[in-house]
Amino acid sequence: MIEFRYRGREISREDILYIRALIERYPQESRRTLSTKLCEAWQWRQANGALRDMVCRGMLLMLERAGQIELPPVSYVRHNPLANRARPEPVRIDTTPIQDRLRNLQPLEFELVRRTGKEPLWNSLLEEHHYLGYEQPPGEHLKYLVWGQGRPVACLAWSSAVRHLRSRDRYIGWSAEARRRNLRFIAYNPRFLILPWVTVEHLASHILGRMASRISADWQRIYGHAIYFLETFVDPERFRGTCYRAANWVWLGKTTGRGKQSNSYVPNRSIKEVLGYPLVKQFRELLMGPG
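Residues numbered from 1 in each chain as written. Predicted model: local features only at pLDDT ≥ 70, side-chain atom pairs only at ≥ 80, totals over all residues. Heavy atoms only, no water.

## Description of helix 5 (residues 119-129)
Among all positions of helix 5, only Glu119, Leu121, Trp122, Asn123, Ser124, Leu125 and Leu126 are buried. Looking at the buried positions of helix 5, the neighbouring elements they touch are strand 5 (141-148), strand 6 (151-160) and strand 7 (186-194). (Buried < 20%, exposed > 50% of the residue type's maximum accessible area, 1.4 Å probe, protein only. Helix = DSSP H or I, 4+ residues; strand = E, 2+ residues; numbered from the N terminus. Contact = heavy atoms within 4.5 Å.)

Here it is in structure tokens:
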């Protein structure tokens, strides 16, 4: 009998009894150690084989707050460098205007820069030139710099997909259970920047097309699983989404204008258009499958 549910995992009464026994067996161990032992016992792992330690700790905290278990006191408060993260510093680069035809900019080079020496440049360009500024992408994510004529011409970010998105979910046709199981196979595009001194017709849609041909393989190499579908939001008060439509992205609908922190049905932010791009013909079958 299911007592609780956390991040798609059903927690039975037997599971709770097992966790209580685990805590009693290791009374001197830290919460982190208990979480690791529980993940190993349940074989609770990510697609790349790593233990789902952080998710497990969140589940344990939920059960404690519900009065089902009693965790040991917090033994160590880890310094969080993201809590007071300094904004990226400006980086001086050549901003001479590039006004040319796309064929003269070729060959374009796509460089994965996450956890490389080029990542500060990517962060700085987003902070200085994107209207939303720089934000660290959530969850699994990749950062790309696009180079032309030896100079950066564009930046893209891809991250874990939005958990609840009515228009996308309706388009795919999956159940809530299939969404929880397979959401990791969707990548979200939260940032796409053509640098302001670059004026090259069809460049943006060309970059999107090139990204669609490689992102699944890159994701597989970094995170151990493929990507079957891409999604993004477009603010119609600022943009028309022309480059996405030119790259054959599909209009899926609109957001409700309510963020995940909203506790009412009243919109509390701008309504965005939702666009999607299937990477494989059988995306629906794959996204509704066993995962």
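## Comments concerning the sheet that holds strand 9 (residues 229-234)
If you walk across this open sheet you meet the seven strands as 4-5-6-7-9-11-10, and the pairing is mixed. Two strands lie at the open edges of the sheet, namely strand 4 (109-112) and strand 10 (250-254), each paired on one side alone. The mean angle between the axes of side-by-side strands here comes to 30 degrees, regardless of whether they run parallel or antiparallel. Where strand 10 meets strand 11 (residues 273-278), four bridges bridge the pair, whose relative direction is antiparallel. (Pairing = 2+ DSSP bridges. Axes fitted to C-alpha atoms, helices over the stretch in contact; angles between N-to-C directions.)

## Some thoughts on the confidence of the model for the protein chain
For the protein chain, mean pLDDT is 89; residues scoring 70 or higher make up 90% of the total. Within the model, pLDDT remains below 50 along residues 260-267, and this stretch shows seven contacts once partners closer than five positions in the same chain are excluded. (pLDDT = per-residue confidence, 0-100.)

## As for helix 8 (residues 203-223)
With 21 residues, helix 8 extends 28 Å between its outermost C-alpha atoms, agreeing within 8% with the 30 Å of an ideal straight helix rising 1.5 Å per residue. Bending of helix 8 peaks at approximately 40 degrees at the position of Arg214. Leu203, Ala204, Ser205, Ile207, Leu208, Met211, Ala212, Ile215, Ser216, Asp218, Trp219 and Tyr223 are the residues of helix 8 that are buried. Looking one or two residues beyond helix 8, the residue adopting positive phi is Gly224, at roughly 85 degrees. (Expected span 1.5 Å × (residues − 1). Bend = angle between axes of the 7 residues up to and from the residue.)

## A few points about the packing of aromatic side chains
Applying the stated criterion across every chain, the model contains 13 aromatic pairs. Judged by centre distance (6.2 Å) and plane angle (45 degrees), the rings of Trp42 and Trp44 are tilted. Note on accessibility: Trp42 and Trp44 belong to one class, buried. Between Trp122 and Tyr134, the aromatic rings sit 6.2 Å apart at their centres with planes inclined by 85 degrees, giving edge-to-face as the arrangement. One end of the pair, Trp122, is in helix 5; the other, Tyr134, is in the loop between helix 5 and strand 5, with twelve residues separating them in the sequence. For Tyr134, a relative accessible area of 2% gives the class buried. Through successive ring pairs, a cluster of aromatic residues spans Trp158, Phe192, Tyr244, Trp249 and Tyr277. If you follow Lys37 out to its NZ or CZ, it ends over the ring of Tyr26, 4.4 Å from the centre. Over the aromatic face of Tyr171 sits the side chain of Arg284, whose NZ or CZ is 4.7 Å from the ring centroid. (Phe/Tyr/Trp six-rings, centres within 6.5 Å; stacked < 30°, edge-to-face > 60°. Lys NZ or Arg CZ within 6 Å of the ring centre and 35° of its normal.)

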